Amino acid sequence: MSSRGSKMEEVKLFGYWVSPFCRSVEIALNIKGIQYEYIEEDLTNKSPQLLQYNPVYKKIPVLLHNGKPIVESMVILEYIDETWKNNPILPEDPFEKARARFWANFVDQKCFPALWKTIWSTSEQYEQNKAEALERLKVLENELGGKRFFGGDSIGMVDIVANFIGFSFRTIQEALKLDVFTEDNFPKLWEWAENFANCSPVKKCLPPQDKLIANFPPAYMGKTLVSSFQSRLQLQFHPPAAAK
Amino acid sequence: MAASDVKLLGARPSPFVNRVQFALNLKSIDHEFIPQNLAEKSELLLKSNPVHKKVPVLIHGDQPISESLVIVQYIDEVWSGPPSLLPSDPYDRATARFWAAYIDEKWFPLVRDLRNATDEQSKAAAVEKLFEGLKLLEDAFVNSSKGKGFFGGEKLGFLDIVLGCYLGWVRAGEIFTGLKILDETKTPALVGWAERFASHKAVDGVIPEPEELVNLIKKFQARAAAAADASSK
């Protein structure tokens with residue numbers, strides 16, 4: 001049964017252009033070659049549809065498939081992989097699949113929050129936050145090892161969930177003159193990031209670098225303006241998950 | 001499959017460990033339970049889960065799998081015969097995963113907040129938040145069970161395991177604070193579900209008695225108070 005361009009399929013994505021959680025979903029849809037309508041949400045003025053489709057969290061991304069909403073980026077990724085069987089993003093072998101889920105969780109719950117904190121650090125907090133981020137990246141660098149991607153020869157779920165490390169974080173860090181993720185410290189991850197950002201399903205949905213940089217102006221760092229901007233964005237992003 | 005081929009590194013009071021035990025029991029998988037001392041972690045645990053150094057860890061053959069929800073899904077996929085833990089339809093699976101994440105990341109931490117609340121006002125506030133969450137879970141139960149006894153329908157499924165593992169700690173929280181969390185006047189369907197869940201043969205005997213957990217709460221609090229005292233001297 002054709003899963004692409006079928007008249008019965010209607011796929012919509014409610015998103016926010018900065019959000020790496022939204023980006024995960026876009027990359028997965030691109031990998032599978034799924035046509036979808038993208039709807040940009042104004043997070044300071046959420047649409048009635050967003051509130052209707054995600055009443056529990058009121059957040060993006062929301063995937064709408066034939067009128068049915070799926071929310072939470074990791075849940076959406078599994079749904080996409082189970083619904084459209086071409087170009088799988090999870091391995092078929094149950095043990096390898098479990099490993100991929102474990103590492104996707106690690107990136108989502110341990111790496112992203114640590115990196116995000118370094119961006120919003122005051123100068124007093126920076127060194128401590130940087131140390132935590134370095135620790136997490138080291139674990140990830142070890143896991144990558146000699147592989148081209150976490151998914152092997154092609155990108156898979158772990159690479160997708162790590163999109164923030166693969167692209168946006170390096171751009172933001174350069175603009176803010178941070179020194180967390182460097183080629184010297186993490187040569188394997190650095191090379192992974194270059195390869196990742198050049199994959200066509202990823203390239204298709206990356207924001208322009210200058211737009212991204214403009215969104216994180218250095219003038220904000222460490223000043224009280226940060227807290228209002230930060231709280232607006234943090235309305236959208238998952239807070240660090242509670243430890244299991 | 002010989003029992004020695006499947007090992008579970010765990011600690012009895014951990015709801016995350018209990019979750020895996022339910023799954024193994026439901027699938028009638030012979031296994032060896034290796035209790036872990038979390039204050040002094042074993043070589044085997046550190047080797048099997050070097051990233052988090054936590055239980056549960058399932059060791060199948062010589063392959064370790066960590067994280068309770070990852071393990072439960074692994075069990076469901078490897079021992080794929082009935083009963084299935086996750087539903088077969090992708091949308092239903094997404095719904096189950098959504099609620100599992102909600103329960104773990106949003107709801108159960110509220111039970112901890114209640115235990116840690118020191119005065120009546122913060123206890124009442126914590127209970128109020130718990131009730132709001134339970135109302136959502138009550139609706140989720142009604143939608144998921146489709147008139148049957150469990151989230152999984154006629155049989156125990158993924159969400160039953162995910163929420164059910166916390167019942168001992170919920171009950172312990174009620175005893176410790178003197179406040180009702182599962183209240184038949186507020187969430188009758190969940191109260192009925194909790195009774196059916198606790199008496200299911202795959203569950204019976206797995207969760208420690210609430211009194212044992214209450215004693216653990218008292219121990220943790222004493223330890224925390226002693227540490228606070230020591231650090232303030």
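Reading the values: the criteria
- Residues numbered from 1 in each chain as written.
- Chains lettered and ligands numbered in written order.
- Predicted model: local features only at pLDDT ≥ 70, side-chain atom pairs only at ≥ 80, totals over all residues.
- Heavy atoms only, no water.
- Contact = heavy atoms within 4.5 Å.
- Buried area = accessible area lost by both parts, 1.4 Å probe.
- Salt bridge = Lys/Arg side-chain N within 4 Å of Asp/Glu carboxyl O.
- Polar contact = N/O pair within 3.5 Å; in protein donor to acceptor, adjacent residues only side chain to side chain.
- Helix = DSSP H or I, 4+ residues; strand = E, 2+ residues; numbered from the N terminus.
- pLDDT = per-residue confidence, 0-100.
- Domains from an automatic or database assignment.
- Nonpolar A, V, L, I, M, F, W, Y, C, P; charged D, E, K, R; others polar.
- Buried < 20%, exposed > 50% of the residue type's maximum accessible area, 1.4 Å probe, protein only.

Turning our attention to the interface of chain A and chain B. Opposite the 29 residues of chain A that make contact, chain B presents 29 residues. At the boundary of chain A with chain B, total buried surface from both sides reaches about 2,600 Å², with 67% on carbon and sulfur atoms. As a salt-bridge pair, Glu 82 of chain A and Arg 93 of chain B come within 2.9 Å of each other at their nearest N and O atoms. Between the two partners, chain A and chain B, sit six residue pairs in polar contact (both at pLDDT 80 or more). Residue assignment for the side of chain A that touches chain B shows that the elements contributing at least two residues are β4 (68-71), α3 (73-83) and α4 (94-119) of chain A. Considering every element that reaches the side of chain A that touches chain B, the biggest residue donor is α4 of chain A, with eleven residues.

In this section: the confidence of the model for chain B. On average, residues of chain B carry a pLDDT of 93, and 97% of them reach 70 or more. Among the prediction metrics, the complex's ipTM stands at 0.94, with pTM recorded as 0.91.

All names here are of chain A. Domain annotation of chain A identifies domain 1 (2-83) and domain 2 (94-237). Counting from both sides, the interface comprises 22 residues of domain 1 and, opposite them, 28 residues of domain 2. It is Trp 17, Ile 27 and Met 74 in domain 1 that bury the most area against domain 2; as a group they hold 26% of the surface buried on that side. Taken together, domain 1 and domain 2 are joined by one salt bridge. We note a salt bridge from Glu 78 to Arg 101, for which the minimum N-O separation is 2.8 Å. Run the count over domain 1 and domain 2 and you get six residue pairs in polar contact (both at pLDDT 80 or more). Of the residues forming the side of domain 1 that touches domain 2, the biggest block, nine residues, is contributed by helix α1 (residues 20-31). Residue composition of the side of domain 1 that touches domain 2, by class: twelve nonpolar, four polar and six charged.

Residue and element names in this part refer to chain A. When pLDDT is averaged along chain A, the result is 88, and 85% of the positions lie at 70 or above. Of the regions scoring below 50 in pLDDT, residues 222-229 engages in ten contacts with residues more than four places distant in sequence or in other chains. Across residues 238-244 the pLDDT falls below 50, and counting only partners more than four positions away or on other chains, this stretch makes 18 contacts in the model.

Moving on: the pattern of salt bridges. Counting across every chain of the model gives 19 salt bridges over all chains. Arg 97 of chain B is the partner of Glu 78 of chain A in a salt bridge, and the nearest nitrogen-oxygen pair spans 3.4 Å. Taken together, the positions of Glu 78 of chain A in helix α3 and Arg 97 of chain B in helix α4 (residues 90-116) put the pair across two chains. Across the pair, Arg 97 of chain B and Glu 78 of chain A agree in class, each one buried. Here Arg 99 of chain A makes a salt bridge to Glu 143 of chain A, at a shortest N to O gap of 3.2 Å. Of this pair, Arg 99 of chain A sits in helix α4 while Glu 143 of chain A is found in helix α5 (residues 123-144), placing the two residues 44 residues apart along the sequence. Given a relative accessible area of 17%, Glu 143 of chain A falls into the buried group. Sharing partners across several salt bridges, the network here consists of Glu 78, Glu 82 and Arg 101 of chain A together with Glu 77, Arg 93 and Arg 97 of chain B.

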